[in-house]
Amino acid sequence: MGLSDGVRDESNRVDHVVMYNINPFSQIKNKWISGVGLSMFAWFGNQDDRPTTNDPDGFSTNTFQLRTQEGSRRLVLFTSPTAGRGRHLFYSPSAQYKIGPYQVNGVAGWDRYNEDSGAASPTGKIKGRYWKVMNDLMLWSPKGFLTGAPNEAGTLGLGYSYERTTGDCDAAGCDVANGGNIKRATLIVNEGGLRYWIRPSLSLHLAVKHYDVTNTPAATQVATGCSSNNNATNPSKDCSWVDMVLRLYFIF
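Novice: Which residues make up the state of the cysteines, and what values go with them?
Specialist: Disulfide: a covalent bond connecting the sulfur atoms of a pair of cysteines. Scanning all chains against the criterion turns up one disulfide. For C226, the disulfide goes to C239, at an S-S distance of 2.1 Å. On the sign convention where negative means left-handed, the S-S torsion of about -85° between C226 and C239 marks this disulfide as left-handed. Of this pair, C226 sits in the loop between α1 (218-223) and β12 (239-250) while C239 sits in strand β12, and the two are 13 residues apart along the sequence. Under the relative-accessibility criterion, C239 is labelled buried at 1%.

In structure tokens:
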């Protein structure tokens, strides 16, 4: 989200970020409850639509996209219009539960741009939301079957996650990636993977992802093989495809 990288965002208005994490039973020697964890993240943004050197429309955390998750050329699935002056709120609670070699994590998030009534170019409601469930099981390590831990040499882990994300707006020119013809897009990702830790700082990760997207932009339809006509005016087409990635991680 946004362009607050210190280079392109020239706004002098201040954003605030708050986060916390708590493991309330971590000191209790009970395997059934010691692995419970809770956390919360919130971003309070301050949209600035004043013109800047880099862009006459202004830069300040005022737009978001849905994109594919892998590779250097990630495909665009949804682009919100640029929000005018106002407030941006993003909050995301999460929880985890770990017992033995198994861990499950759940996370959800809500994103909303609220423009001031006097914004120079009001765009209406812009919002996004998502939820994701992640399952991890340590299959094997030198200690035996169903043992091991992340970053422990010789550990083989199995993972599966389900994610659902929606971008939504009620404005002219939404969705921008679809030429302003669509007001909502939903992304569903089912992911399975294997990861092997050769040593704590070196691991090999295989991930297979199944994407299912509503209202796919025409260019993305072609890039994924969902359509063969780059000039097609069919912004409401749903597309599904599989993406496979093999990575070598090295931490130094």
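Novice: Account for the side chain of S161, naming residues and giving values.
Specialist: When you line up the elements, S161 lands in strand β9 (residues 156-169). Look past the residues within four positions of S161 in its chain and what remains in contact with it is K132, V133, M134, V189, N190 and E191.

Novice: Explain the nonpolar core to me, and be specific about the residues and the numbers.
Specialist: Counting 17 residues, the largest nonpolar core has L77, F78, I126, L187 and W241 as the members making the most contacts within it. Going through the elements one at a time, β4 (76-79), β10 (184-199), β11 (202-213) and β12 are the ones with two or more residues in this core. Ranked by the residues each element gives to this core, the list is headed by β10, at three residues.

Novice: Can you explain the environment of N30? Please cite residues and give values.
Specialist: Positionally, N30 belongs in the loop between β1 (16-22) and β2 (36-47). Given a relative accessible area of 31%, N30 falls into the partly exposed group. Separated by 69 residues in sequence, N30 and I99 place their C-alpha atoms 9.8 Å apart. A polar contact is formed between the side chain of N30 and the backbone nitrogen of W32, at a distance of 2.9 Å.

Novice: Break down the pattern of salt bridges for me, with residues and values.
Specialist: Inspection of the entire model under this criterion finds six salt bridges. E70 is paired through a salt bridge with R247; the nearest N and O atoms lie 2.0 Å apart. A residue pair is termed long-range when its members are at least 10 positions apart, and E70 in the loop between β3 (65-67) and β4 and R247 in strand β12 qualify at 177 residues. In the salt-bridge network here, residues are joined through shared partners; they are E70, E191, K209 and R247.

Novice: Please give an account of the packing of aromatic side chains that cites residues and values.
Specialist: If you walk through the whole model with that rule in mind, you get seven aromatic pairs. Members of the aromatic cluster, joined through ring pairs, are F64, F78 and Y113. It is R195 that lies over the ring of Y249; its NZ or CZ is 4.3 Å from the centre.

Novice: Let's hear about the pairing of strand β5 (residues 86-99): which residues, and what values?
Specialist: As defined by bridge partners, β2 adjoins β5 across 12 bridges and the pair is classed as antiparallel. Bridge assignment links Q47 to a residue of β5, and that residue is G86. Relative to strand β6 (residues 102-115), β5 is paired through 12 bridges, and the arrangement is antiparallel. Counterpart to H88 in the pairing with β6 is Y113.

Novice: Which residues make up a nonpolar patch on the surface, and what are the values?
Specialist: Together, L158, L194, Y196, I198, L204, L206, M244, L246 and L248 make up a nonpolar patch on the protein surface, roughly 830 Å² of accessible area in all. The class of L248 is exposed, set by a relative accessible area of 58%.

Novice: Which residues make up the environment of N135, and what values go with them?
Specialist: Tracing the chain through its elements places N135 in strand β7 (residues 126-141). The spacing of N135 and G159 is 24 residues in sequence and 5.5 Å in space, taken between C-alpha atoms. Among residues more than four places away in sequence, those in contact with N135 are Y102, Q103, V104, L158, G159 and Y160. A distance of 2.5 Å separates a polar atom in the side chain of N135 from a polar atom in the side chain of Y102.

Novice: So what's going on with unusual backbone geometry? Which residues, and what values?
Specialist: One non-glycine residue, L146, lies in positive phi territory at about 60°. Inspection of the secondary structure assignment puts L146 in the loop between β8 (144-145) and β9. Taking the relative accessible area as the measure of exposure, L146 reaches 35% and is therefore partly exposed. Even without glycine at this site, N151 takes up a positive phi of about 70°. Relative to the elements of secondary structure, N151 occurs in the loop between β8 and β9. The class for N151 is partly exposed, based on a relative accessible area of 42%.

Rules behind the numbers
Residues numbered from 1 in each chain as written. Predicted model: local features only at pLDDT ≥ 70, side-chain atom pairs only at ≥ 80, totals over all residues. Heavy atoms only, no water. Disulfide = S-S within 2.5 Å. Helix = DSSP H or I, 4+ residues; strand = E, 2+ residues; numbered from the N terminus. Buried < 20%, exposed > 50% of the residue type's maximum accessible area, 1.4 Å probe, protein only. Contact = heavy atoms within 4.5 Å. Core = buried A, V, L, I, M, F, W, Y, C linked by side-chain atoms within 4.5 Å. Polar contact = N/O pair within 3.5 Å; in protein donor to acceptor, adjacent residues only side chain to side chain. Salt bridge = Lys/Arg side-chain N within 4 Å of Asp/Glu carboxyl O. Phe/Tyr/Trp six-rings, centres within 6.5 Å; stacked < 30°, edge-to-face > 60°. Lys NZ or Arg CZ within 6 Å of the ring centre and 35° of its normal. Pairing = 2+ DSSP bridges. Patch = residues over 30% accessible without salt bridge, like charges linked within 9 Å, V, L, I, M, F, W, Y side chains within 5 Å. Areas by Shrake-Rupley, 256 points an atom, 1.4 Å probe, with all protein chains shown as cover.

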